[in-house]
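Structural description and commentary
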Amino acid sequence: DIQLTQSPSFLSASVGDRVTITCRASQGISSYLAWYQQKPGKAPNLLIYGASTLQSGVPSRFSGSGSGTEFTLTISSLQPEDFATYYCQQLNSYPRTFGGGTKVEIK
Amino acid sequence: EEQLVESGGGLVQPGGSLRLSCAASGFTFSTYWMSWVRQAPGKGLEWVANIKQDGSEKNYVDSVKGRFTLSRDNARNSLYLQMNSLRAEDTAVYYCARDRSYGFWSGYNYYNNYYIDVWGKGTTVTVSS
């Protein structure tokens, strides 16, 4: 199985900060990676697919990059509604594993 | 509006069985792969299984193989997860989700990439004596 390691697992930041979350795959997955945002008690919400394609309706302050084994999710200017937990998922092979999550909290 | 609504969760004893259902609306259910993803209390997301449009192909995470069975009824726009021999570690919120795929060219080769774009609100399964 492909393991995804997210870092950091916890991040404290202020409104307006630039935030970067990393997702590393245990083997190459080309661009078969998606990012999701989840708020407490809610279902996940798709942000990015194909490693870098922004889902329709998602604010442009979110961006994704990377290929192979290393990927990043960047929030260019953190907004109050962005405080949540973020997950990466690989869709290169089965089982379609998720990273452990990165919780973004208010500093 | 594209919507997925799960039902069937509840409290069950270890070794027991439960059948989850997912009702789809607002899109052509029969044209999509569908998935189940679960989340144990206070933990991260875990992909559980998915099923092809016509039900001819199914994939499962190892921890549920032989115990869980995924099926669908396209006439009823419904997805099902039959869960047998339940264990305490199966306790989780179970999300029904829609898979999307898109094709792209890379050089002379054509590939399909995937993602999950619609999620239900989830149904809670608790396995405890």
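Model, not experiment: these values are computed from the prediction.

1. As for the side chain of A:Gln6
Residues and elements named next belong to chain A. Following the sequence through the fold, Gln 6 ends up in strand β1 (residues 4–7). For Gln 6, the side chain forms a polar contact with the main-chain nitrogen of Gly 101, separated by 3.1 Å. Polar side-chain contacts of Gln 6 include one of 3.1 Å to the side chain of Thr 102.

2. Comments concerning the sheet that holds strand β10 (residues 102–106) of chain A
Residues and elements named next belong to chain A. Strand order in this open sheet of six strands is β2-β10-β9-β4-β5-β6, and the pairing throughout is mixed. The sheet terminates laterally at β2 (10–13) and β6 (53–54), the two strands that pair on one side only. Bridge count for strand β4 (residues 33–38) against strand β5 (residues 45–49) is three bridges, and the pairing is antiparallel. What sits directly across from Tyr 36, in β5, is Leu 46.

3. Points about the pattern of salt bridges
All names here are of chain B. Tallying each qualifying case throughout the model produces 13 salt bridges over all chains. For Asp 90, the salt bridge identified is with Arg 38, shortest N-O distance 2.9 Å. Note that Asp 90 is positioned in the loop between β8 (78–83) and β9 (92–106) and Arg 38 in strand β4 (residues 34–39), a separation of 52 residues in sequence. Between Arg 67 and Asp 90 there is a salt bridge, with the nearest N and O atoms lying 2.7 Å from each other. Of this pair, Arg 67 sits in the loop between β6 (58–60) and β7 (68–73) while Asp 90 is found in the loop between β8 and β9, placing the two residues 23 residues apart along the sequence.

4. A short note on the packing of aromatic side chains
If you walk through the whole model with that rule in mind, you get 13 aromatic pairs over all chains. Judged by centre distance (6.3 Å) and plane angle (40 degrees), the ring pair of A:Phe62 and A:Tyr86 falls under tilted. Residue A:Phe62 is located in strand β7 (residues 62–67), and its partner A:Tyr86 is located in strand β9 (residues 85–90); the two are separated by 24 residues in the primary sequence. Take A:Phe62 and A:Tyr86: they sit in the same class, and that class is buried. Look at B:Tyr102 and B:Tyr115: their rings are 6.0 Å apart centre to centre, the planes differ by 50 degrees, and that puts the pair in the tilted class. Linking B:Tyr102 in strand β9 with B:Tyr115 in strand β10 (residues 109–119), this pair joins segments that are 13 residues apart in sequence. The class for B:Tyr102 is partly exposed, based on a relative accessible area of 23%. The ring of B:Tyr114 is capped by A:Arg96, whose NZ or CZ atom sits 4.6 Å from the centre of that ring.

5. Details of the pairing of β7(A)
Regular strands have side chains that alternate between both faces of the sheet. Residues and elements named next belong to chain A. As paired elements, β7 and strand β8 (residues 70–75) share six bridges and run antiparallel to each other. Counted as the bridge partner of Gly 64 is Leu 73 from β8. Linking β7 to β8, which pair antiparallel, is a turn of two residues; within it Gly 68 sits at a positive phi near 85 degrees.

6. Thoughts on the pairing of β4(A)
Residues and elements named next belong to chain A. Summarising burial for β4: six of the six residues are buried, a large majority. Residue alternation in β4 divides its side chains into two sets, Leu 33, Trp 35 and Gln 37 and Ala 34, Tyr 36 and Gln 38, and both sets are buried. Pairing analysis gives six bridges linking β4 to β9, with the strands arranged antiparallel. Bridged to Leu 33 within β9 is Gln 90.

About the thresholds
Residues numbered from 1 in each chain as written. Chains lettered and ligands numbered in written order. Predicted model: local features only at pLDDT ≥ 70, side-chain atom pairs only at ≥ 80, totals over all residues. Heavy atoms only, no water. Helix = DSSP H or I, 4+ residues; strand = E, 2+ residues; numbered from the N terminus. Polar contact = N/O pair within 3.5 Å; in protein donor to acceptor, adjacent residues only side chain to side chain. Pairing = 2+ DSSP bridges. Salt bridge = Lys/Arg side-chain N within 4 Å of Asp/Glu carboxyl O. Phe/Tyr/Trp six-rings, centres within 6.5 Å; stacked < 30°, edge-to-face > 60°. Buried < 20%, exposed > 50% of the residue type's maximum accessible area, 1.4 Å probe, protein only. Lys NZ or Arg CZ within 6 Å of the ring centre and 35° of its normal.

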